[in-house]
Amino acid sequence: MDAGVKALLMDALNAAKMAGAGYADARIGHYRNNFVITREKQIIQVVDTDTMGCGVRVLVDGTWGFAATRSLTPDGVASAAKDAVAIAKANRIARDRAVELAPTPSVGEVSWTSGYTTDPFTIPIEQKADLLIKANTEALKVASVKFVNSSMFFVKEDKNYANTDGAVINQLMVRSWLPMQITAISADNSDFQIRTNTIQPMGRGYEYLLEQDPIGNAGKWGEEAAQKLKAKPVEVGRYDLVLHPSHLWLTLHESVAHPTELDRANGYEANYAGTSFVSPPEKMLGKFKYGPEFMNVQGDRSQSGGCATTGYDDEGVQPETFLVIKNGVVNDYQTTREQAMWLKWWYDSQGRPTRSHGNSYADNWNDVQFQRMPNVSLLPGEKDLVWEDLIAATDSGIAIIGDGSFSIDQQRYNAQFGGQLFYEIKGGKIVGMLKDVAYQMRTPDFWNSMDMIGGKRGYMLGGSFFDGKGQPGQVNAVSHGVVPARFRQINVINTGRKA
Amino acid sequence: MALPANALTSQSDAEALVARVVKQSKADAVHVNLQSTYTTNLRFAANQMSTSGAVTDAQLVVTSAFGAKHAIATTNDLSDASIARVIASSEALAKLAPDDPESMPELPKQSFQSVPAYFEATANVSPEDRARAALAALAPARAAGDVNAAGFLIVNATATVVGNSTGLFAYHRSTNANYTITVRTTDGTGSGWAGAEHPDWTKIDFAATSAHALEKARASRSPKAIEPGRYTVIFEPQAVGDLVQLIGFYLDARSADEGRSPFTKTGGGNKVGQKIVDTRVTLLSDPRDDQLLDTPFDNEGLPLGRQVWIDKGALQQLQYTRYWAKKSKQPATGNPGSIKLQGTGPTQTIDEMIASTQRGVLVTRLWYLREVDPRTILYTGLTRDGTFLIENGKISAAVRNMRFNDSPLFMLANLDAMGQPVRVAGTEAGGAVVMPPIKVHDFNFTSLSEAV
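Residues numbered from 1 in each chain as written. Chains lettered and ligands numbered in written order. Predicted model: local features only at pLDDT ≥ 70, side-chain atom pairs only at ≥ 80, totals over all residues. Heavy atoms only, no water.

**Examining the overall build of chain A**
Summing up its helical and strand segments, chain A has twelve helices and 26 strands in all. For chain A, the C-alpha radius of gyration of 24 Å lies close to 23 Å, the compact-globule estimate for 499 residues. Dimensions of chain A along its principal axes, counting C-alpha atoms only, are 70 × 55 × 45 Å. Looking at chain A as a whole, 66% of its 499 residues are labelled buried. A sequence separation of at least 24 residues applies to 75% of the contacts in chain A between residues at least 6 apart. Summed over all atoms, the accessible surface of chain A reaches about 16600 Å², with 51% contributed by carbon and sulfur. Chain A carries 51 positive and 56 negative side-chain charges, and their two centres are separated by 3 Å. (Helix = DSSP H or I, 4+ residues; strand = E, 2+ residues; numbered from the N terminus. Rg over C-alpha atoms; globule rule 2.2 N^0.38 Å. Buried < 20%, exposed > 50% of the residue type's maximum accessible area, 1.4 Å probe, protein only. Contact = heavy atoms within 4.5 Å. Areas by Shrake-Rupley, 256 points an atom, 1.4 Å probe, with all protein chains shown as cover. Lys, Arg positive; Asp, Glu negative; His and termini not counted. Charge placed at Lys NZ, Arg CZ, Asp CG, Glu CD.)

**Some remarks on helix α3 (residues 125–140) of chain A**
End to end, α3 of chain A covers 22 Å across 16 residues, agreeing with the expected 22 Å (1.5 Å per residue, within 8%). Those residues of α3 of chain A not exposed but buried are I125, K128, A129, L131, L132, I133, A135, N136, A139 and L140 of chain A. (Expected span 1.5 Å × (residues − 1).)

**Things to note about the interface of chain B and chain A**
Facing 92 residues of chain B, the contacting portion of chain A comprises 84 residues. Where chain B abuts chain A, roughly 7200 Å² becomes buried across the two surfaces, and 51% of that area is made up of carbon and sulfur atoms. Counting the contacts that link chain B with chain A gives seven salt bridges. Residue D191 of chain A is joined to R375 of chain B by a salt bridge in which the shortest nitrogen-to-oxygen separation is 2.5 Å. Element by element, the count of residues in the side of chain B that touches chain A is highest for strand β2 (residues 48–66) of chain B, at eleven residues. Across the side of chain B that touches chain A, the residue classes tally to 36 nonpolar, 32 polar and 24 charged. Bridge count for strand β3 (residues 63–69) of chain A against β2 of chain B is four bridges, and the pairing is parallel. (Buried area = accessible area lost by both parts, 1.4 Å probe. Salt bridge = Lys/Arg side-chain N within 4 Å of Asp/Glu carboxyl O. Nonpolar A, V, L, I, M, F, W, Y, C, P; charged D, E, K, R; others polar. Pairing = 2+ DSSP bridges.)

**Digging into empty space enclosed by the protein**
Over the atoms, a rolled probe matching the size of one water molecule traces out where space is still vacant. Here the structure, examined in full by the defined rule, presents seven cavities of 30 Å³ or more. Reported here for the largest cavity is a volume of approximately 230 Å³. Lining the largest cavity are 18 residues, and of these E338, Q339 and F370 of chain A together with S50 and T51 of chain B lie nearest its centre. Counting only elements with at least two residues in the lining of the largest cavity, the list comes to α9 (337–340) and β15 (370–371) of chain A together with β2 of chain B. Broken down by element, the residue count for the lining of the largest cavity peaks at three residues, all from β2 of chain B. Looking at the lining of the largest cavity residue by residue, the class counts come to five nonpolar, seven polar and six charged. Computed from the structure, the second largest cavity encloses a volume of approximately 110 Å³. Residue contributions to the lining of the second largest cavity peak at three residues, all from strand β13 (residues 378–391) of chain B. In terms of residue class, the lining of the second largest cavity is made up of four nonpolar, eight polar and two charged. (1 Å grid on protein atoms, 1.4 Å probe; cavity = no way out; pocket = protein on both sides within 12 Å on 5 of 7 lines; lining within 4 Å. Points joined across faces, edges and corners; volume = space filled by probe spheres on them.)

**Topic: the packing of helix α1 (residues 11–24) of chain B against helix α2 (residues 80–96) of chain B**
All names here are of chain B. Where α1 meets α2, the closest approach of the two axes is 10 Å, and the angle between their N-to-C directions is 50 degrees. Classified by the angle between their axes, α1 and α2 sit oblique to one another. The handedness of the crossing between α1 and α2 is right-handed. Of the residues in α2, those in contact with L17, R20, V21 and Q24 of α1 are D80, I83, A84 and I87. (Axes fitted to C-alpha atoms, helices over the stretch in contact; angles between N-to-C directions. Parallel < 35°, antiparallel > 145°, perpendicular 65-115°, else oblique. Left-handed = near helix turned anticlockwise from the far one by under 90°.)

**Considering the pairing of strand β12 (residues 322–326) of chain A**
All names here are of chain A. Across three bridges, the pairing between strand β11 (residues 297–300) and β12 is antiparallel. What sits directly across from G299, in β12, is F322. Both β12 and strand β13 (residues 329–330) contribute to a ladder of two bridges, which runs antiparallel. By the bridge assignment for β13, I325 is matched with V330. Between β12 and the antiparallel strand that follows it, β13, lie two residues; N327 among them carries a positive phi value of about 50 degrees.

**Looking at the packing of aromatic side chains**
Enumeration according to the criterion identifies 30 aromatic pairs over all chains in this entry. Taking the centre distance of 4.1 Å and the plane angle of 10 degrees together, the rings of F446 of chain A and F487 of chain A count as stacked. Of this pair, F446 of chain A sits in helix α12 (residues 443–448) while F487 of chain A sits in strand β26 (residues 485–494), and the two are 41 residues apart along the sequence. F446 of chain A sits in the buried class, given a relative accessible area of 1%. Ring geometry for W201 of chain B versus F206 of chain B: centroids 5.0 Å apart, planes at 50 degrees, classification tilted. (Phe/Tyr/Trp six-rings, centres within 6.5 Å; stacked < 30°, edge-to-face > 60°.)

**Details of the nonpolar core**
Inside soluble globular proteins, nonpolar side chains tend to come together where they are buried. Counting residues in hydrophobic clusters, the biggest one holds 56 residues, and the most contacted among them are L378, Y439 and W447 of chain A. Beyond its immediate stretch of four places on either side in the chain, Y439 of chain A contacts L241, L243, H247, T251, I400, A415, Q416, F417, F446, I490, N491 and V492 of chain A. W309, L318, Y379 and M402 of chain B belong to the second largest nonpolar core, which has 51 residues in total. (Core = buried A, V, L, I, M, F, W, Y, C linked by side-chain atoms within 4.5 Å.)

**Some thoughts on the layout of surface pockets**
As a volume, the second largest pocket reaches approximately 860 Å³. Those elements that provide at least two residues to the lining of the second largest pocket are α7 (262–265) and α8 (281–284) of chain A together with β4 (147–164) and β5 (169–185) of chain B. For the lining of the second largest pocket, the residue count by class is 16 nonpolar, twelve polar and eight charged.

**Considerations on the sheet that holds strand β17 (residues 422–423) of chain B**
Residue and element names in this part refer to chain B. Pairing within the open sheet is mixed, and its six strands lie in the order β10-β9-β8-β11-β18-β17. Where the open sheet ends on each side, the last strands, each with one partner, are β10 (314–315) and β17. Of the strand pairs in this sheet, strand β8 (residues 281–285) and strand β11 (residues 339–343) are connected by four bridges, and their pairing is antiparallel. Each residue of the ladder has a partner; that of L283, found in β11, is L341.

**A short note on the domain arrangement of chain A**
Residues and elements named next belong to chain A. Entries for chain A in the domain assignment read domain 1 (3–230) and domain 2 (233–494). Computed from C-alpha coordinates alone, the two centres of domain 1 and domain 2 are separated by 22 Å. Every contact between the two is made by 55 residues of domain 1 and, on the other side, 44 residues of domain 2. Applying the counting criterion to the domain 1 and domain 2 interface returns four salt bridges. Across the pair D165 and R337 runs a salt bridge whose closest N-O atoms are separated by 3.0 Å. Where domain 1 meets domain 2, there are 19 residue pairs in polar contact (both at pLDDT 80 or more). When residues of the side of domain 1 that touches domain 2 are traced back to their parent elements, those giving at least two are β1 (23–39), β2 (42–60), β3, β4 (109–113), β5 (145–163), β6 (168–177), β8 (192–195) and α5 (214–230). Looking at the side of domain 1 that touches domain 2 residue by residue, the classes come out as 24 nonpolar, 16 polar and 15 charged. (Domains from an automatic or database assignment. Polar contact = N/O pair within 3.5 Å; in protein donor to acceptor, adjacent residues only side chain to side chain.)

**As for the pattern of salt bridges**
A full pass over the atoms with the stated rule returns 59 salt bridges over all chains. Of the charged contacts in the structure, one is a salt bridge between K134 of chain A and D130 of chain A, with a shortest N-O distance of 3.0 Å. In this pair, K134 of chain A and D130 of chain A are both assigned in helix α3, four residues apart and thus about one turn of the helix distant. Residues E261 of chain A and R264 of chain A are paired through a salt bridge, measuring 4.0 Å at the closest nitrogen-oxygen approach. The exposure class assigned to R264 of chain A is buried, which follows from its relative accessible area of 0%. Three or more residues joined by partner-sharing salt bridges are found here, namely R39 and E40 of chain A together with E102, R254, E258 and R260 of chain B.

Here is the structure:
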């Protein structure tokens, strides 16, 4: 860690302790974004953003306080620390229970860098713009494709952390994404169809975007947009669904990853994101059957390329890999140091130590850290099955590729998902394209209807740069490893209303 | 600990900063946006205090242009060295950027309406004030024994500045206080929500808002299931805001003219002039409206005045960027963030709407709204935190939450009655949103949810 930054972190911690904090942590972050935005054969905008500051979190007599400042001077950070303590002290009048933190071994002074080969911030703007416009041009070669919006979005975070338990951590991370939206329009302007969400965001560098070959693939994506104009409207009914990993990651995210956040389960997000049907934990852990016995869902922050992958979380904990769902049954929740204490009874009963899984995260230096999602992944099945094997094994159904519209209730029971591409399956073969497809589901029924799952060869990461939670709202980048899977007799609706 | 000194850039400091950027710039044109903010917040949940904070921040955005090439760089460090760096960085990026055939020249000097949106009482709220506001919800909830309260209070003060190398300068200060609370019954069967928002902190009644959520939680206990389908629905103002605010996101004239908007006319062109909803509906933006009090200019420094998007049911105006306005020979409208639905004709209270309803559903708010079909603004989402069955002019039972698939355009075409507009506090996109309660027929619920 830079000596000047470390000195400021120590100034903040000392000021917090002097003002009366029992525990404090301080984060100084330098967050950079780079965007290149295009449409059709032209550039729209080029943007570099840069923000730096210090956030100080304190516990005073069991009550939290937080303050953040862009003033990176000894006085500036000390003043933020004192403000955080003043807030915690003021809140004491409304305190009921004192916050307790799970013990965590101090990691000492350490550093970590995410896995990337090419730093996207070293690639010249004209090279990025050229790649996007060439890809757009390929998509525009399809007759009915009239518009293409594409952009590159890069994130680079230099995060510095210290706490009063002795952790001093420097981390450098890079994430990359190339969103592209291709619009095909019918000749009489009576219909338009969009193909988007073609490239997943990833915790990797510029090399990842090149591997996705946007120029080579854009023509195919354009053809898919055009085909959607001519696709057959779906008939409502119950169908067997074969879901591609590029689609299923989002269903997993909404219906398994969010409900197993411990703050949601215990009511701490009730006023915004909502609570969870996987509650109360004492009725769920080791008891609730989420899905079939071959369903295993893992939380981790160590998968290569994962958007939530990190060496240490935002309260100095080295994250661990854990099973959220084990053999189809709820086994654990996502936790921070504060929350791990709420499950002490469970960890004691399992002969496991009570410790945080390392799921604390703050969107930026000016946001307070809280529980955010690690990479939550559906582990591959034992049989070596791939996407084509699942289609071949299905007599009648719908195959869905890519994520589309998504909505789920505040306890994560009732969800509705669209997609990008929908194909009718008959006799183990894809026989044509469908449109206006969405499926509605009740989460436990849906996962318990899963009867086939792909093996390791079909495993891929999907994810989002913008998973929202908390008040004030924060976003978290997260990945989900998924294999293709089949679900039986799911309710499909037709969304193509005209009035 | 109230508003820290220098947290908000003063008008004179802003003028000096813009002048300095213009002087140091080597570009053909330079544009400056500066926003400085002081934000404080407090959360509570499960009848406990949760996180609270105070943040002082700023963002300086410099756009440099060389002919048709342009680029943006930003920083939150307002030191001399950092300002020099951000100017140089935007210039270096702009020189490398391809030509933008749609680039527009900087606006000349403009005059702006002033909007009295800054309240000292809001800027100077203390940690003790916020803790007392939380206690106004927590103390009754703890004493009640049968409920858990979760709430959020956020207070901010902002100075917004736009300037450029062609003499334009705009400055606006504003404050806002937003409070929302969800009360859930400990038996897990009832949930009630209430919210309040105003630029003036003293206008928010924390005890009354909290009591309203608590009453709703108790009234919504043990909901019964009804068959999904088409219903007459009375939407409280928050629920109206959740859906109707979305219309504002589809008003772009260019998308309509290009054939990819709900306001595209089959055969070409757009639907301006066509009746699209009930003739009692008028949808507008107006920074000076007492209930909106919004910024009177956009990021480009374009003055924002009153704009009527839907006038008595007909699409009156789409939103024009400066480029599309020039190309279409229309005035540029900018893209205001605030929106208000105003009725013409007699209004009804929610109680009057209930009394005149044989069978229907009363909805407090909507949740997780996501686009299903951009051709019609068809959205899906769910009811939340207080959904009730109306039978024979009275609320007869709490009902389970339901998922809908419907469009605010279809909803406003099926209007039965409208009330007085109020400012709402909880839309998913935020911003100043003023909506009346409304009653509509044939709203489309497609499935039941067990969620409370």
